[in-house]
Every structure is written in C-alpha cells, then in structure tokens.
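Take a look at the letters that make up each chain.
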Amino acid sequence: MKVKKIFALAMTAVMGFSLTGALAGCKDSAPNATPTNTDPYDIPQDYCRTYYEVFVRSFADGNGDGIGDLRGLADNLDYLNDGDDSTTTDLGVNGIWMMPINASPTYHKYDVTDYYDIDDEYGTLEDFDYLVEKCNERDIWLQMDLVLNHTSAYHPWFKAAIADAKAGKTPEESAAMQRYEIVRADTQPVVGKWSKLSGTNDYWYLCNFSPEMPDVNLLNPEVREEIKKIVDFWLERGIKSFRLDAVPWACATDVMFNEENGEFWSWFNDYCNEKGAQVAAAQGWANDGIGRYCYNVGEVWGSNNSIPDFFGTGMSNFNYAMGGSPNVGFADATVGWVGYKGSSVVNQLIDVQKTVLEKDEHAILSNFLSNHDNARSAGFFDYDALKIKKAAGLYLLAPGNPYIYYGEELGMGGSGKDENKRLAFNWGDGRTVGNPPNSDYEDESTSWKSQTTDYNSILTYYRNAIKLRNRFPEIGRGIIDGYALDSNGALKAMTTFQDNGYTNINAKNSDIAAYMLTWKDRKIFIVHNIGESELNVNVSDVFDGACEVVGTLKASGGDVVLTDGELKLSAATVAVLKAK
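Model, not experiment: these values are computed from the prediction. Each chain has its residues counted from 1, following the order in which its sequence is written. The predicted nature of this model means local features are confined to residues of pLDDT at least 70 and side-chain atom pairs, given and counted, to a pLDDT of 80 or more, with totals for whole chains, interfaces and linings taken over all residues. Excluded from the side-chain calculation are hydrogens and water; included are all heavy atoms of the structure.

We call a set of buried Ala, Val, Leu, Ile, Met, Phe, Trp, Tyr and Cys residues a nonpolar core when their side-chain atoms join them within 4.5 Å. The buried label goes to any residue with under 20% of its type's maximum accessible area, the exposed label to any with over 50%, and the partly exposed label to all in between, with areas taken from a 1.4 Å probe on protein chains only. In this structure, Y52, Y79, M98, F242, F268 and F425 are the most contacted members of the largest nonpolar core, which totals 148 residues. Apart from the residues lying within four places of it in its own chain, the contact partners of Y79 are Y52, F59, D90, L91, E409, L410, F425, W427, W448 and L459. Judged by nonpolar contacts, the second largest core, of 19 residues, contains F525, F543, V560 and L569. Working rule for contacts: check all heavy atoms of both residues, and any pair within 4.5 Å makes them a contact.

Written as structure tokens, this is what we have:
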C-alpha cells in the first residue's frame, strides 16, 4: 500500500459564530504563517477518493480571455491539492471530475462533435497533457465526463446520416443512419421524443434531450468499436475513470433499467476495467484494494429502489437517495424538518450500502449534496453557515466517494436554469472568470480570499473534514454499522433494537448520527451531534475495551471530550474514535 505522509492540523474553531450571519462567520485574527500538519495521511491507491466536480469554463482562466480553461485549472491546482504534505491551505481533494471537455458547439458541452479533441474554448490536447502532469505530481486522479447516449447534431456521424437520408438511402442501406436511432415515420415508437430528420419526409430520429442531441444506437457493433477507441484514447492519455451521463437513457424504454440497457453498461464497464488494467500495468501502478482499474460513476436520477441495478453493471452511481434535494438524506437531517431523525441518516446509509453491495461486492457509494443539475446546496440551508457545515460533515465522513461541487466549500449560490448553477468561482483576489452566457443569477457568497485564513469559515471546515478522511481510509471504504441511544443515553448497535424503535426512545436520537466503519482489520467510530444543544453519551459498549478521540470537527467551537466512557459533544460537533 502506498501511503502519503501528509500532516493534519487540529484547528480550534472560534466561538461566537452567528447561526444566521454571514457565510464566513466571525473572523479570527489568523496568523500569516502557513499552519503545518501533525497527523499522517493514509491514502491507498484506489478509486475511493474525495472528488471535486469542476465546470472548467467557470473555474479559472489561463489565457486571459475571460473563459475558464484547462491551463487555468492546472495552474490553480494548489487550491485543490498543493502536493505538499506539510501544509493545510489546500482543500485536500485527490480526485477531480471534469464536466465535458470535448469539442462542442454549446457552453455546457454535453453535445460532442469530436470525442478525441479538447474544445477550443478550453485549450488543446497539449494543455490536457500539462494538466495530467500536474495532477500526477499531486496524486490527483482525473475523472472525465463521457457522453455516450447522444452526440451533437453537428457530429460528422449525424451529418453523414442526414446526407444518406437525403440521397434516398434507407436505414438498412446506410451505415451512417444505423449509428443512430432512425426510423420510418410509420414505424416511430411511442416511447421517447422524436424529431423529423432534416430534409426528409420519411425519417425520424430519437432525441430524448433535444433535437440538437440525437440519440446513438448503442447496440450497433460499429458504434461499440468506436466507443472502445474513445476509452483507449483517454485512459492511455491519463484519465483514470469516467463519469457517465444520462445512464438510464441509453437503450431507453419506458423502464429505467431494462435488459438492453443493463447489457450495454455491463459491456462498457467490463471493457473499461480490462483496458484500465492494461494501462496500469504499462504505467507501473497497481490498484490497492478496490477490484476495478476504471471505476466509473453513472448519473441515475432515482430512489434507492431504482438505482441498485445499475451498480450490478460494474459502475458506481450517485446517491440520489440521499443527495440532490433539500428534503432527502444529508440535507434533510440538518435542515430539521419535523419527524426526521439524525439516526435516520445512518439507517439510510446502511440500507443503500447493503443494497448495492448485493449487486456488486466492489461497489462504492458516490455521495453528494448537489451538482450542476441541481440548485446549489447552500440554498437548501438558507445560506446558514452552521447548517451547511453540519451537512458537509455528514456526507464527507460517510462511506463512499464524496463529490464536492466547485464553490460548495465557499457556500456559493445558484438556482433556476442550468447557467445559474454553473457560475464563476469566486476567487476574490483578482483571478477572474466570466459567468456562463445567459445566466441571470448574482452569487453573493463570500470569496476564497475572505475564507482561506478564517479559521471559522465554511472552507476551513471542509478542509478539516477532508483531512479526517485522508487520515483514516476506513471512513470511505468501510462497511457501516449503525448505533443509537437507549433510554439511559448509552450508544448501542442498532441491531439490538426491535423494529428500529430507538427512534422513539428519546429525542436525543434526532440529533445523533453514530456509526462504525470497518475496513479490513481497521475500525473507526463516528458520532455527529447535529442538534443545537450539548449531548452527553456513553460509548462504553462500542468497543470491547477502552477507546480514544482521534479526530474532531467543530462547526462553531465547543467541546468534544471523552472521560471514562462518557463522550461530551457540544452542538454541531463530530467525534472520531478508535480503540486504544
């Protein structure tokens, strides 16, 4: 196992934080000197990582044209991970998901015209190679957004299909038309959205998202050979995995997961893993513990009842059962709707993890609060910094891969149309990049500059939470077992309660989220107080012997103290415990 020796500072948050005040909170007179870490990081070389989703256009401008690009991303990696094990000024992420970077006629680039090139706005393949080099120096793994369900209507393939149709060819006669879902007008299926093929009266094509995005025939052998070439090109060039767009829409029917859909994604993920293993061998690195060499992540909007089947194809999928909305999972627990219990977050995690592991023994959850398709999560919490921090603590310290949407760690806002959700990152120090065209939302979040030296900021909280993840690999990789308070205030394994009755034993279980994470021969125990009052809980029954506090998170100061088995948790604090 490759272990990076990075050191983590135990920062003490400042008291006096206003629950509804400015996002950065009350500022501490932070020292100018860079703080240093004192605890070693332990990061196995596998796909269980802390990922940062970035809309390249809105992050950092590398050539001065006002548009974010790959060079700008590469030159500002020190913010995400500076590669220096002794500093605490970087965020500490070790994976980056880039939204689409391929050539495209739109600002969002989910309609590709060339899968083998970089969009001109973002730079060149040489700029991409430079980014890979800089990421490798920092042990950051790149994940690329790959759009296979559809192409741009301006892709050469679709242009050829139109030309053949205008020339009088039928789909049976035209290889170009067979690459897409093109049918005669009298045989048009009921399911899906269809548009008339330009310049013809006889043919219609499937375009579930837009007439500008024709759906590809993913059952076509020629198309699959092309997909293999695309995978080869990017894995050999330095990409480690793919985020897969519109997964349920591939081979779509009126059923979200169907036989053809499952067959395609199983084929795709198997091939990626096979090719990934070849690339790893050629480059001289080995996957340390996760049984994949290209661990892909799918976009499947749905509940815990609809998502697990897609795990069975060999990919991970975003945990929409607990993220993406203010009234589910991680967000719901900290907003505090009536009847929702902190212990229910743990119950959900147990249920989701158990379900997906039954589909794939190597499955890794992919947790998030929001992304480019959702209103930004700060709005869920009315821009209340304390609630933002508590939700961040829950999902960053949960089993699986957390995905941080760029600017989330600053409390950025954005809602409504897509452009508003993809606004420019607020550096605040002269590094400027323009908002997407047609956006009409003004983000008023505080900047990186205002938060980076503030020990009580949202940014500092994110840094500290990620440092805990980096110290203890069992947090991301562990199997979760839940705990709840009995009537005497002692934490007991949830399995000891009948019918989950612990939720009604006392009100404290509304505020407690407690769980053990087990990975190989290692165990870590985490207790969140997401309430507004101090809690005292007995942890004597959690470990066979004595335990100790090995890490804390404090959203607004307070105490985390363990004395003779009694754990005192101030409001909005987290304790991380291990056996002595």
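Note on ring pairs: Phe, Tyr and Trp rings are taken, using the six-membered ring of Trp, and paired if centres are within 6.5 Å. Classes follow the plane angle, with under 30 degrees stacked, over 60 edge-to-face and the rest tilted. This structure, assessed with the given rule, holds 35 aromatic pairs. Ring centres 5.9 Å apart and planes at 50° place the aromatic pair W285 and Y293 in the tilted group. On the numbers, 4.8 Å between centres and 70° between planes, the contact of Y320 with F368 is edge-to-face. Of this pair, Y320 sits in the loop between strand 11 (316–317) and helix 9 (329–335) while F368 is found in strand 12 (residues 366–368), placing the two residues 48 residues apart along the sequence. Among the aromatic residues, those joined into a cluster by ring pairs are Y51, W97, W301, F318, Y320, F368 and Y403. Charge-over-ring contacts are defined here by two conditions on Lys NZ or Arg CZ: a distance within 6 Å of the ring centre and an angle within 35 degrees of the ring normal. When the ring centre of W141 is taken as reference, the NZ or CZ atom of R49 above it lies at 3.9 Å. Put simply, DSSP H or I for four residues or longer makes a helix, DSSP E for two residues or longer makes a strand, and each gets a number counted from the N terminus.

With respect to the helices and strands, A571 occurs in the loop between strand 21 (566–569) and strand 22 (573–579). Once the C-alpha coordinates of A571 and S556 are considered, the two residues, 15 residues apart in sequence, prove to be 8.2 Å apart.

On to the sheet that holds strand 16 (residues 512–519), then. Within the open sheet, the six strands sit side by side as 15-14-16-17-22-19. Their pairing is antiparallel. Two strands close off the open sheet at either side, each with one partner strand: strand 15 (491–493) and strand 19 (547–554). The sheet shows a mean angle of 25° between the axes of neighbouring strands, taken without regard to direction. Strands were regarded as paired on the criterion that DSSP finds at least two bridges between them. As judged from the three bridges shared by strand 14 (residues 479–485) and strand 15, these two strands associate in the antiparallel manner. Looking at the pairing, L485 lines up with L491 of strand 15. Working convention: axes come from line fits to C-alpha atoms, limited for helices to the stretch in contact. Angles between N-to-C directions cover 0 to 180 degrees. Running over the sheet, helix 13 (residues 458–471) touches strand 17 (522–529), strand 19 and strand 22 and is turned about 150° from strand 19.

Let's shift gears to the packing of helix 11 (residues 385–396) against helix 13. Running from N to C, helix 11 and helix 13 point in directions that differ by 15°, and their axes come no closer than 10 Å. Here helix 11 lies roughly parallel to helix 13, going by the angle between them. As for the relative orientation of helix 11 and helix 13, their crossing is right-handed in sense. Seen from helix 11, the contacting residues are A385, I388, K389, A392, G393, Y395 and L396; seen from helix 13, they are I458, Y461, Y462, A465 and R469. Its residues assigned to classes, the contact of helix 11 with helix 13 shows nine nonpolar, one polar and two charged. Angle categories are assigned with fixed cut-offs, so that under 35 degrees is roughly parallel, over 145 is roughly antiparallel, 65 to 115 is roughly perpendicular, and the rest are oblique. By the definition used in this description, the sense in which the near helix is turned from the far one sets the handedness, with an anticlockwise turn below a right angle giving left-handed and a clockwise turn giving right-handed. Classes in brief: Ala, Val, Leu, Ile, Met, Phe, Trp, Tyr, Cys and Pro nonpolar; Asp, Glu, Lys and Arg charged; the others, Gly included, polar.

What is expected of a backbone is that most residues other than glycine have negative phi and most peptide bonds are trans. Its identity as a non-glycine residue notwithstanding, D139 has a phi of 60°, on the positive side. According to the relative accessible area criterion, D139 is buried, its value standing at 9%. Phi is positive for D382, close to 55°, though the residue is something other than glycine. Tracing the sequence through the fold places D382 in the loop between strand 12 and helix 11. The exposure class assigned to D382 is exposed, which follows from its relative accessible area of 64%.

This paragraph deals with helix 4 (residues 156–166). Among the residues of helix 4, those classed as buried are W157, F158, A161, I162, D164 and A165. Angularly, the buried residues of helix 4 cover 165° about the axis, an arc narrow enough to put them on a single face. If you follow the buried residues of helix 4, they end up packed against helix 5 (175–178), strand 6 (182–184), strand 8 (203–206) and helix 6 (221–237). Positive phi appears at G168, one or two residues downstream of helix 4, with a value of about 95°. The arc in question is formed by the directions pointing from the helix axis toward the C-beta atoms.

Note that H155 resides in the loop between strand 5 (141–146) and helix 4. The contacts of H155, once residues within four sequence positions are left out, are V112, T113, D114, Y115 and Y180.

Reading across from one edge, 6-8-7 is the order of the three strands in this open sheet, with antiparallel pairing throughout. Two strands close off the open sheet at either side, each with one partner strand: strand 6 and strand 7 (194–196). Direction aside, the axes of adjacent strands within the sheet are offset by 35° on average. Note: strand 6 against strand 8, three bridges, orientation antiparallel. Pairing of I182 across the sheet is with Y205, part of strand 8.

A word on the environment of A281. Position of A281 relative to the elements: it lies in helix 7 (residues 259–283). The class for A281 is exposed, based on a relative accessible area of 62%. C-alpha of A281 to C-alpha of V537: the two residues are 256 residues apart in sequence and 49 Å apart in space.

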